[in-house]
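Residue-level structural notes
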Amino acid sequence: MLVLGLETSCDETAAAVVEDGRRALSDVVSTQVDIHRRWGGVVPELASRNHIVQVLPVVHEALTRANKTLDDVDLIAVTSGPGLIGALLVGVQVAKGLSLATGKPFVGANHLEGHLLAIRLLEVAPEPPFLGLVVSGGHTSLYEVQAYGQYRLVGSTRDDAAGEAYDKTARILGLPYPGGQPIDQLAQQGNPEAIRFPRALPGDNFDVSFSGLKTAVLHHVQKHGVPQGQALADLCASFQEAVADVLSKKLVAAARRLGHKQLVLCGGVAANSRLRALCQARAEERGLNMFLPPVRLCTDNGAMIAVAGYEAYRRGLRGDFRLAADPAWRM
Ligand SMILES: Nc1ncnc2c1ncn2[C@@H]1O[C@H](COP(=O)(O)OP(=O)(O)OP(=O)(O)O)[C@@H](O)[C@H]1O
Ligand SMILES: [Mg+2]
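Residues numbered from 1 in each chain as written. Chains lettered and ligands numbered in written order. Predicted model: local features only at pLDDT ≥ 70, side-chain atom pairs only at ≥ 80, totals over all residues. Heavy atoms only, no water.

The protein goes by tRNA N6-adenosine threonylcarbamoyltransferase in an unreviewed UniProt entry, where it is assigned to Myxococcus virescens. Quoted straight from UniProt, the Sequence similarities (unreviewed entry) entry for the protein says "Belongs to the KAE1 / TsaD family." Quoted straight from UniProt, the Catalytic activity (unreviewed entry) entry for the protein says "L-threonylcarbamoyladenylate + adenosine(37) in tRNA = N(6)-L-threonylcarbamoyladenosine(37) in tRNA + AMP + H(+)". (UniProt positions renumbered as here; feature names shortened; annotations may be inferred.)

Here's what the structure looks like:
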């Protein structure tokens, strides 16, 4: 079954052609990051307008690279939530239009389910049950994937998402938006033990919190000024260590308590070098199997939406023309 996956929930316009929910024949991502950078974050109205400009060329490119036409496609899958309402609407309306024009079925896919199931595009992928940690710009949520379509939220952030903490910290340090990659790069030249930032491990549960860490960075900068050179790299490394330490600890603790052997890290922050290394090391120490998607599958893409849509379709879900974008869709 050939699925065209469409993603416009935030600031990436993306489309992909995926076979049987496992093999990506193409995966095209057009990012708007240069448009939003000067504002220090995503401007929803600009995002919607740029999706309108990009969406059809991106779909065309995805079909061309897969060497397919719309006639070959069996299902159109589109992110219908969660995300920015105006941005989601562009994708949903395009999916409806393509479905109407071709007579092909369409289905609304959950963006977070997409992040969780992106791992299926790897040659060696876990089958449920597994424990999946979504760490992205808008979410830090730990799910038990009991079966496809059966997800239990077992922990989440009490305040900022991990990506949000990166982006806000980058802003404090005068680094470009989005902050994840620049901080990650600087951190690799720094000493993670230079500054002991707080680790918030609230209570005996699987929740995390990052607002205290962000405030600690702010206080440090207020006291010492914005660091430069090696001091900047040291601060980035210390911040990154705190984030990776907390997330990897909670993930491994949850695996032990809930009896999971297979762990998945996903979402934009799963691209982080230290988080990947620490999760891998702590999982190995305890004999757990850690699955890490390649970096291009961590950030938003159409292939993961094709996988989530494929699974939703197999569960019997069908889109109809009343399908609405749901900016706060809880899985
Ligand atoms: N190497 C990295 N280290 C840490 N964070 C990173 C890295 N690369 C990207 N990020 C962060 O990932 C986030 C973007 O991820 P993603 O595209 O999954 O988020 P989103 O789609 O905006 O949010 P959501 O999936 O919650 O709706 C940004 O906050 C960015 O700073
Ligand atoms: Mg995302």
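From this point, the narrative continues.
**Section: the environment of Lys 168**
One can find Lys 168 in helix H5 (residues 162-172). For the pair Lys 168 and Val 145, spaced 23 residues apart in the sequence, the C-alpha separation amounts to 30 Å. With residues near it in sequence (within four places) discarded, Lys 168 still touches Asp 160 and Lys 214. In terms of polar contacts, Lys 168 uses its side chain to reach the side chain of Asp 160, at 3.3 Å. (Helix = DSSP H or I, 4+ residues; strand = E, 2+ residues; numbered from the N terminus. Contact = heavy atoms within 4.5 Å. Polar contact = N/O pair within 3.5 Å; in protein donor to acceptor, adjacent residues only side chain to side chain.)

**Section: the coordination of the magnesium ion (ligand 2)**
For a metal bound by four donors in tetrahedral geometry, the ideal donor-metal-donor angle is 109.5 degrees, whereas six donors in octahedral geometry ideally sit at 90 or 180 degrees. At 2.1 to 2.3 Å from the magnesium ion (ligand 2) lie its protein donor atoms, namely His 111 (NE2), His 115 (NE2) and Asp 300 (OD). Around the magnesium ion (ligand 2) sit 6 donor atoms, and with donor-metal-donor angles ranging over 82 to 174° the site reads as octahedral. Here the donor residues for the magnesium ion (ligand 2) map to a single chain with the spacing H-x3-H-x184-D. Here the residue His 115 occupies a position in helix H4 (residues 111-117), and Asp 300 occupies one in the loop between helix H10 (295-298) and helix H11 (302-314), the gap between them amounting to 185 residues. With respect to burial, His 115 and Asp 300 carry one shared label: buried. (Donors = N, O, S within 2.8 Å, 3.2 Å for Na, K, Ca; no water. Tetrahedral: all angles 85-135°; square planar, octahedral: opposite > 155°, others 65-115°. Buried < 20%, exposed > 50% of the residue type's maximum accessible area, 1.4 Å probe, protein only.)

**Quick notes on the layout of surface pockets**
Its volume calculated, the largest pocket comes out at about 1,400 Å³. If you trace the largest pocket, you find 47 residues lining it, with Asp 11, Gly 137, Asp 167, Tyr 177 and Pro 178 closest to the centre. Listing elements by their share of the lining of the largest pocket, those giving two or more residues are strand E3 (23-31), helix H1 (33-37), H4, H5 and helix H6 (180-187). Across the lining of the largest pocket, the residue classes tally to 18 nonpolar, 20 polar and 9 charged. Both of domain 1 (2-117 + 298-314) and domain 2 (127-292) provide at least three residues apiece to the lining of the largest pocket. Here the second largest pocket defines a volume of roughly 210 Å³. As for the second largest pocket, its lining consists of Pro 82, Leu 112, His 139, Ser 141, Tyr 143, Leu 153, Ser 156, Pro 327, Ala 328, Trp 329, Arg 330 and Met 331. Listed by contribution, the elements that provide at least two residues to the lining of the second largest pocket are strand E7 (140-147) and strand E8 (150-156). (1 Å grid on protein atoms, 1.4 Å probe; cavity = no way out; pocket = protein on both sides within 12 Å on 5 of 7 lines; lining within 4 Å. Points joined across faces, edges and corners; volume = space filled by probe spheres on them. Nonpolar A, V, L, I, M, F, W, Y, C, P; charged D, E, K, R; others polar. Domains from an automatic or database assignment.)

**Observations regarding the nonpolar core**
Val 135, Phe 197, Phe 239, Leu 247 and Leu 265 are the most contacted members of the largest nonpolar core, which has 48 residues in total. Looking at this core, the elements with two or more residues in it are strand E6 (130-135), H5, H6, helix H7 (211-224), helix H8 (229-258), strand E9 (262-266) and helix H9 (273-285). Considering each element in turn, this core owes the most residues, 14 residues, to H8. (Core = buried A, V, L, I, M, F, W, Y, C linked by side-chain atoms within 4.5 Å.)

**What about the site of ligand 1?**
Taken together, 20 residues surround ligand 1, and among them Ser 136, Gly 138, His 139, Asp 167 and Asp 300 come closest. In this structure, His 115 approaches ligand 1 through a side-chain N or O atom, which is 3.1 Å from an oxygen atom. Between ligand 1 and the protein, one listed contact pairs an oxygen atom with a backbone N or O atom of Gly 163 at 3.2 Å. Its free accessible area being 640 Å², ligand 1 has 90% of it covered by the protein chains. Spatially, ligand 1 is embedded in the largest pocket. Those elements giving two or more residues to the shell around ligand 1 turn out to be H4, H5 and H6. Built from parts of two domains, the shell around ligand 1 gets at least three residues from each of domain 1 (2-117 + 298-314) and domain 2 (127-292). (Near = heavy atom within 4 Å. Areas by Shrake-Rupley, 256 points an atom, 1.4 Å probe, with all protein chains shown as cover. Sits in = over half its atoms within 2 Å of the grid points.)

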